[in-house]
Amino acid sequence: MSYDANDKFNVEHNAKPETEFETEPEIEFETEPEIEFETELLKLLELRASGMPLQYILGEWDFYGLTFRLGEGVLIPRPETEKLVDVVLEHIKENKSPMVLDLCAGTGCIGITIAKLLPFSKVFSIEKSTVAYEYIKHNIALHKVDNVSVFLGDVITGCNHFVENDRLKFDVIVSNPPYIPTFELDDLQVEVKFEPKMALDGGKDGLIFYRAIKDRWLSHLKEDGTLVMECGETQGDEIVSMFSEEGFIANCDFDFAGIKRVVRVIRQKGSNYSS
Ligand SMILES: C[S@@+](CC[C@H](N)C(=O)[O-])C[C@H]1O[C@@H](n2cnc3c(N)ncnc32)[C@H](O)[C@@H]1O
């Protein structure tokens, strides 16, 4: 028996018969779009690894079953805020054409959702940030709601349109204002630090917006109208007292996680509150 070097090679390396190597195996080169996609994906992964919230990377997020466009410079809608919409809808479900005022509107998620679900409502949204203001306009167009009017204005110092129209009254005023005390902002988790400080900072004790709403906006609430506001988990009782001391009926509801989250204030019929 002769000894062939190739045979030895085939046996030792369990290689396939030589004939199968006659044609070169095809090497699959990545196409340009594939390389671009991988580079882009890598960039997005790096952003996520740096702590950027997924919602900013995606450029959209869902709220109450609707998708809202968003990006850096505007607050990401939170699931607990959906409870505000529930409370508002419950209050105005019998009303054929409710007037709703959404203060500190952000992406516009609260006001636009109400407007979409109640096409005969008239919603006014106020926001101070120009970035958020652009997103609200975009989301209004996206959801094709023609019953939302948006105003660039300041809830604390006053918004001209409403100062000049003090007879403009609402069945519901709803707000998810900034409510984190300033000193807590540095300790927030890394994702939240990507969100605009303006959307989070509720002043020294976190309550500056609730005082402003009480002093400046309650005069725009109809008799029997309701004010619905989100608050931080330790703030509910203090905000309730703030409003009850002025003669309003106020209470605080729990959110889906069992946290005191939604303050509800009712302006009773016959109350002579007029500030
Ligand atoms: C907590 S975020 C809520 C946003 C939105 N309503 C939501 O629930 O997702 C508060 C919003 O208030 C806006 N804001 C801050 N200061 C304001 C002011 N003085 N007047 C009006 N809006 C203000 C911020 O830009 C931010 O969009």
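Residues numbered from 1 in each chain as written. Predicted model: local features only at pLDDT ≥ 70, side-chain atom pairs only at ≥ 80, totals over all residues.

## A closer look at the overall build of the protein
(1) Moving on: A count of helical and extended segments in the protein gives ten helices and nine strands.
(2) Moving on: Taken over 275 residues, the protein has a buried fraction of 33%.
(3) Moving on: Taking all contacts inside the protein whose residues are at least 6 apart in sequence as the whole, residues at least 24 apart take part in 64%. (Helix = DSSP H or I, 4+ residues; strand = E, 2+ residues; numbered from the N terminus. Buried ≥ 20, exposed ≤ 12 C-beta atoms within 10 Å, placed from the backbone. Contact = placed C-beta atoms within 7 Å.)

## Quick look at unusual backbone geometry
(1) Moving on: Of note, the phi angle at tyrosine 64 is positive, near 50°, even though the residue is not glycine.
(2) Moving on: Here tyrosine 64 falls in the buried class, since 20 other C-beta atoms lie within 10 Å of it.
(3) Moving on: Although it is not a glycine, cysteine 104 sits at a positive phi angle of roughly 65°.
(4) Moving on: Inspection of the secondary structure assignment puts cysteine 104 in the loop between strand S3 (99-103) and helix H5 (109-117).

## Some words on the site of the ligand
(1) Moving on: Neighbouring residues of the ligand: 22 residues in total, closest Cys104, Gly106, Lys128, Asn176 and Ala199.
(2) Moving on: Taken together, the elements giving at least two residues each to the shell around the ligand come down to H5 and strand S4 (122-127).
(3) Moving on: Residue composition of the shell around the ligand, by class: 14 nonpolar, five polar and three charged. (Near = placed C-beta within 6 Å. Nonpolar A, V, L, I, M, F, W, Y, C, P; charged D, E, K, R; others polar.)

## Details of helix H10 (residues 236-244)
(1) Moving on: Along H10, the positions that sit buried rather than exposed are Gly236, Ile239, Val240 and Phe243. Axial view of H10: buried residues confined to an arc of 100°, hence all on one face. Exposed residues pointing more than 90 degrees away from the buried face of H10 are listed as Asp237 and Ser241.
(2) Moving on: Each element contacted by the buried residues of H10 is listed here: helix H9 (208-217), strand S8 (249-254) and strand S9 (260-266). (Arc of directions from axis to C-beta.)

## Digging into the packing of helix H4 (residues 82-92) against H5
(1) Moving on: Following both chains from N to C, one finds H4 and H5 inclined at 40°, their axes separated by 10 Å at the closest point. Taken together, the axis directions place H4 and H5 in an arrangement best described as oblique. Along this stretch, H4 crosses H5, giving a crossing that reads as right-handed. Across the interface between the two elements, Leu84, Val85, Val88 and Leu89 of H4 pack against Ile110, Thr113, Ile114 and Leu117 of H5.
(2) Moving on: Broken down by class, the residue content of the contact of H4 with H5 amounts to seven nonpolar, one polar and no charged. (Axes fitted to C-alpha atoms, helices over the stretch in contact; angles between N-to-C directions. Parallel < 35°, antiparallel > 145°, perpendicular 65-115°, else oblique. Left-handed = near helix turned anticlockwise from the far one by under 90°.)

## A look at the sheet that holds S3
(1) Moving on: Sheet architecture is open: seven strands sit in the order S5-S4-S3-S6-S7-S9-S8, paired in mixed fashion. Each edge of the sheet is formed by a strand with only one pairing partner; in this case those strands are strand S5 (148-152) and S8. Across the sheet, the mean angle from the axis of one strand to that of its neighbour is 15°, orientation sign disregarded.
(2) Moving on: Of the pairings in the sheet, the one linking S3 to S4 comprises five bridges and is parallel in character. Across the sheet, the residue bridging to leucine 103 is isoleucine 126, located in S4.
(3) Moving on: Against the sheet, H10 makes contact with S8 and S9, and its axis sits at roughly 165° relative to S8, the strand it touches most. (Pairing = 2+ DSSP bridges.)

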